[in-house]
Amino acid sequence: MIELRNVNKWYGGYHALVDVTETIAKSEVVVVCGPSGSGKSTLIRTLNRLEPIDSGNILIGGEDIHRPDVDVNRFRSSIGFVFQQFNLFPHLDVLDNCTLAPMTVRGLAPAEARERAMVLLDRVGLSSKAHAFPAQLSGGQQQRVAIARALAMEPPLMLFDEPTSALDPEMVGEVLLVIRDLARDGMTLICVTHEMGFAREVADRVLFMDHGVVLERATPQEFFNNPQHLRAQQFLSDIRTPFSSVT
């Protein structure tokens, strides 16, 4: 479904993505991890053109998505993206947040859009909150609404950019359970996350990045039990013993 060919991205003099070449299959669940500043969020944002690339190619479904003549709005409507911050429209209730894009972009009739939205809200456990406003919801609830809103466009691909980083610890699990269920339903899913337990349980493959380079690609079992790259070994050691360097 996704092919990256020698993708490079610069921010001024900073080389954020360095010759990234990767293939992701349909229905594959890929977790991208690495230290802060490793390029993982930049990478996922290039997949729906929130970030331009400076060289290389990214193909999704065989289409070069960074061609100058690509209709960006049409393209983005086919990819679900869930941000660190929930980005819900504060002046719309939950149901309207989930129906706005299907009606305005895809032309769904209001009744059909509402029916589909209610099914999705039930799927994420929030059908009872359909007429609540974002400010009346917890962070975990808002992020689950954001997931339902993305799913309302029926995308073949879902991208998650650290979807739990803005949540209080007790709310992380409820969001990860929703993402886990999507993965088990066979959706193509790429998730940037620091939640290593989630990566171990849900991912088909783990990509480990540092300084804009994919240093390791492996199954969760291989990555967590026998990482090959020294930097990956150090990363996992620091996670397991976070205070080992504090004296």
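Anything mentioned here points back to the structure above.
Residues numbered from 1 in each chain as written. Predicted model: local features only at pLDDT ≥ 70, side-chain atom pairs only at ≥ 80, totals over all residues. Heavy atoms only, no water.

Novice: Lay out the overall build of the protein with the relevant residues and their values.
Specialist: For the protein, the helix and strand inventory stands at 9 helices and 10 strands. Computed over the C-alpha atoms, the radius of gyration of the protein is 18 Å, within 12% of the 18 Å expected from 2.2 N^0.38 for a compact globule of 247 residues. Overall, the protein is about 55 × 45 × 35 Å in size when its C-alpha atoms are taken along their principal axes. Across the 247 residues in the protein, those meeting the buried criterion constitute 51%. Sequence-distant contacts in the protein: of pairs separated by 6 or more residues, those separated by 24 or more amount to 65%. Split by element, the accessible area of the protein, about 11600 Å² in all, is 51% carbon and sulfur. Averaging the positions of the 23 positive and the 30 negative side-chain charges in the protein gives two centres separated by 2 Å. (Helix = DSSP H or I, 4+ residues; strand = E, 2+ residues; numbered from the N terminus. Rg over C-alpha atoms; globule rule 2.2 N^0.38 Å. Buried < 20%, exposed > 50% of the residue type's maximum accessible area, 1.4 Å probe, protein only. Contact = heavy atoms within 4.5 Å. Areas by Shrake-Rupley, 256 points an atom, 1.4 Å probe, with all protein chains shown as cover. Lys, Arg positive; Asp, Glu negative; His and termini not counted. Charge placed at Lys NZ, Arg CZ, Asp CG, Glu CD.)

Novice: Which residues make up the nonpolar core, and what are the values?
Specialist: Counting residues in hydrophobic clusters, the biggest one holds 51 residues, and the most contacted among them are Leu121, Ile147, Met158, Phe160, Ile179, Leu189 and Phe223. The element contributing the most residues to this core is helix α6 (residues 169-184), with 8 residues. Setting aside anything within four residues of it in sequence, one finds Leu189 in contact with Glu28, Val29, Val30, Leu157, Met158, Phe160, Ile179, Leu182 and Ala183. Counting 26 residues, the second-largest nonpolar core is a separate cluster that includes Ile2, Phe81, Met209 and Val214. (Core = buried A, V, L, I, M, F, W, Y, C linked by side-chain atoms within 4.5 Å.)

Novice: Tell me about the pattern of salt bridges, residues and numbers included.
Specialist: Under the definition given, this model contains 17 salt bridges. Note that Arg217 and Glu22 form a salt bridge whose closest N and O atoms lie 2.7 Å from each other. Taken together, the positions of Arg217 in strand β10 (residues 213-218) and Glu22 in strand β2 (residues 14-24) put the pair 195 residues apart, joining distant regions of the chain. Residue Arg217 is classed as partly exposed on the basis of its relative accessible area of 41%. Residue classification places Glu22 among the buried residues on the basis of a relative accessible area of 6%. (Salt bridge = Lys/Arg side-chain N within 4 Å of Asp/Glu carboxyl O.)

Novice: Can you explain empty space enclosed by the protein? Please cite residues and give values.
Specialist: Scanning the model with the defined rule gives 1 cavity of 30 Å³ or more in all. Put simply, the largest cavity is a space of about 60 Å³. What lines the largest cavity is Leu4, Glu22, Ile24, Val32, Leu43, Ile44, Leu47, Ile190 and Leu207. The residue makeup of the lining of the largest cavity, split by class, is 8 nonpolar, no polar and 1 charged. (1 Å grid on protein atoms, 1.4 Å probe; cavity = no way out; pocket = protein on both sides within 12 Å on 5 of 7 lines; lining within 4 Å. Points joined across faces, edges and corners; volume = space filled by probe spheres on them. Nonpolar A, V, L, I, M, F, W, Y, C, P; charged D, E, K, R; others polar.)

Novice: Residues and numbers for the layout of surface pockets, please.
Specialist: Estimates place the volume of the largest pocket at around 600 Å³. Lining of the largest pocket is provided by 22 residues; of these, Arg76, Ile79, Ala101, Arg149 and Met153 occupy positions nearest its centre. Contributing elements (two or more residues each) for the lining of the largest pocket: α2 (72-76), β6 (79-82), α3 (94-104) and α5 (139-151). Residues of the lining of the largest pocket, tallied by class, amount to 12 nonpolar, 8 polar and 2 charged.

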